[in-house]
Amino acid sequence: MATTLDIVNDMIGTIGQLPLNELDARHPYVPTALRVLFNVNREVQANMGRGWWFNRLTSFTLRADEEGFIAFPADLIIFRPFKYPDRYGVIGGKLHDNVNDTNVFTPGQEIKGSAVRCLDVEDTPVLAHGYITYEAVKKFTRNYDGDMAKIADLKQEANNSLLQLRTQEIREARANTQRNPQVRSVLVDNVGLTRYPPFFY
C-alpha cells in the first residue's frame, strides 16, 4: 500500500514535479501537499459524522486527570456522550462543560460515549486508502493545475473509489449485524433467516 511519500509524489507529479526520495519540508509543494492530505484524511474518515466500520468506536471513555482536566485526543474526530450529548464542547484541546461553563471536572471523572477516530492514512484499509489518495490528488491538482480534462479524470477515479468504499461499508455493517446473537435471533424468529446462509454476501 502507498506510503505518505508515495501519495505526495502522486500529488506533485500531476503538476510536473519529479518524485521525491523523502518528505523534504523545504520543497515548495510538500507543505501544501501534506496539509491537503491531512485535511482530506480527516474529512473522509469523519464521513459526515458517521465514520466507517474501521474507525467507529461504540464505546469510548474520556477521563479527567488528577487536576480535573479532560484532554481531548488529537486523533478523535467526533465524541458523542451517551448522556447530554449537547452539553460538552472542546476548547484549547480540553473538554468543556457548557452548562457549568468550566473545563475543570472531578479528578477521575469519566464521560462515556461513542466516538470516531482518525487513523494515519497508512493505517487505513485498502479501499479507504485508495479513496483518500484520489481525493487528495484531485484537490491538490485543482489548486495548482487548470487542466479540466485531468481534473475530470481524477474526479471519476475518486467517485469510483468512493463507490467501492461504500459497498465495503455496507458489507461490514451487514456482517457485524448478523454476528450479533440478539439481532440474529430476531431475524430467525421473524423472517426465517435459517433458510439462508449465515451471511448474505
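Notes on the structure in this doc start here. Note that the coordinates shown come from a computational prediction; the quantities given were computed from them, not determined experimentally.

### Considerations on the side chain of Thr124
Turning to step 1, where the next piece is worked out: Structurally, Thr124 can be placed in the loop between strand 5 (110-117) and helix 3 (126-144).
Turning to step 2, where the next piece is worked out: Residues within four places of Thr124 in sequence aside, it is in contact with Met1, Asn41, Gln45, Phe54, Leu119, His129 and Ile132.

### Regarding a negative patch on the surface
Turning to step 1, where the next piece is worked out: A contiguous patch of negative charge, built from Asp6, Asp10, Asp120, Glu122 and Asp123, is present on the exposed surface.
Turning to step 2, where the next piece is worked out: Note on placement: Asp120 falls in the loop between strand 5 and helix 3.

### Here's the deal with the side chain of Asp97
Turning to step 1, where the next piece is worked out: Relative to the assigned elements, Asp97 resides in strand 4 (residues 94-97).
Turning to step 2, where the next piece is worked out: Within the local environment of Asp97, its side chain forms a polar contact with the backbone nitrogen of Val99, the two atoms lying 3.0 Å apart.
Turning to step 3, where the next piece is worked out: Ignoring sequence-local partners within four residues, the contact set of Asp97 consists of Arg87, Tyr88, Thr102 and Phe105.

### Quick look at the sheet that holds strand 1 (residues 56-63)
Neighbouring strands of a sheet are bound in pairs by backbone hydrogen bonds; such pairs are parallel or else antiparallel.
Turning to step 1, where the next piece is worked out: Spatially, three strands are ordered 1-5-2 in an open sheet, and the strand pairing comes out antiparallel. Only two strands of the sheet have a single neighbouring strand rather than two, namely strand 1 and strand 2 (76-81). Put simply, the sheet's adjacent strands are angled 40° from each other on average, direction ignored.
Turning to step 2, where the next piece is worked out: Judged from the six bridges that link them, strand 1 and strand 5 form a sheet pairing that is antiparallel. Bridging from a neighbouring strand, Arg56 pairs with Val116 of strand 5.
Turning to step 3, where the next piece is worked out: Against the sheet, helix 2 (residues 30-46) touches strand 2 and strand 5, its axis set at about 30° to strand 2.

### Remarks on the environment of Asn41
Turning to step 1, where the next piece is worked out: Within the secondary structure, Asn41 sits in helix 2.
Turning to step 2, where the next piece is worked out: Once residues lying within four places of it in the same chain are set aside, the contact partners of Asn41 are Cys118, Leu119, Asp120, Val121, Thr124 and Ile132.
Turning to step 3, where the next piece is worked out: At 2.8 Å, the side chain of Asn41 and the side chain of Gln45 are in polar contact.

### Quick look at the nonpolar core
Turning to step 1, where the next piece is worked out: Ranked by size, the top nonpolar core spans 25 residues in total, and within it Met11, Leu37, Val40, Val44, Trp52, Tyr131 and Ile132 carry the most contacts.
Turning to step 2, where the next piece is worked out: Elements supplying a minimum of two residues to this core: helix 1 (4-13), helix 2, helix 3 and helix 4 (148-179).
Turning to step 3, where the next piece is worked out: With residues near it in sequence (within four places) discarded, Tyr131 still touches Val44, Ala158, Ser161, Leu162 and Leu165.

Thresholds applied
- Residues numbered from 1 in each chain as written.
- Predicted model: local features only at pLDDT ≥ 70, side-chain atom pairs only at ≥ 80, totals over all residues.
- Heavy atoms only, no water.
- Helix = DSSP H or I, 4+ residues; strand = E, 2+ residues; numbered from the N terminus.
- Contact = heavy atoms within 4.5 Å.
- Patch = residues over 30% accessible without salt bridge, like charges linked within 9 Å, V, L, I, M, F, W, Y side chains within 5 Å.
- Areas by Shrake-Rupley, 256 points an atom, 1.4 Å probe, with all protein chains shown as cover.
- Salt bridge = Lys/Arg side-chain N within 4 Å of Asp/Glu carboxyl O.
- Lys, Arg positive; Asp, Glu negative; His and termini not counted.
- Charge placed at Lys NZ, Arg CZ, Asp CG, Glu CD.
- Polar contact = N/O pair within 3.5 Å; in protein donor to acceptor, adjacent residues only side chain to side chain.
- Pairing = 2+ DSSP bridges.
- Axes fitted to C-alpha atoms, helices over the stretch in contact; angles between N-to-C directions.
- Core = buried A, V, L, I, M, F, W, Y, C linked by side-chain atoms within 4.5 Å.
- Buried < 20%, exposed > 50% of the residue type's maximum accessible area, 1.4 Å probe, protein only.

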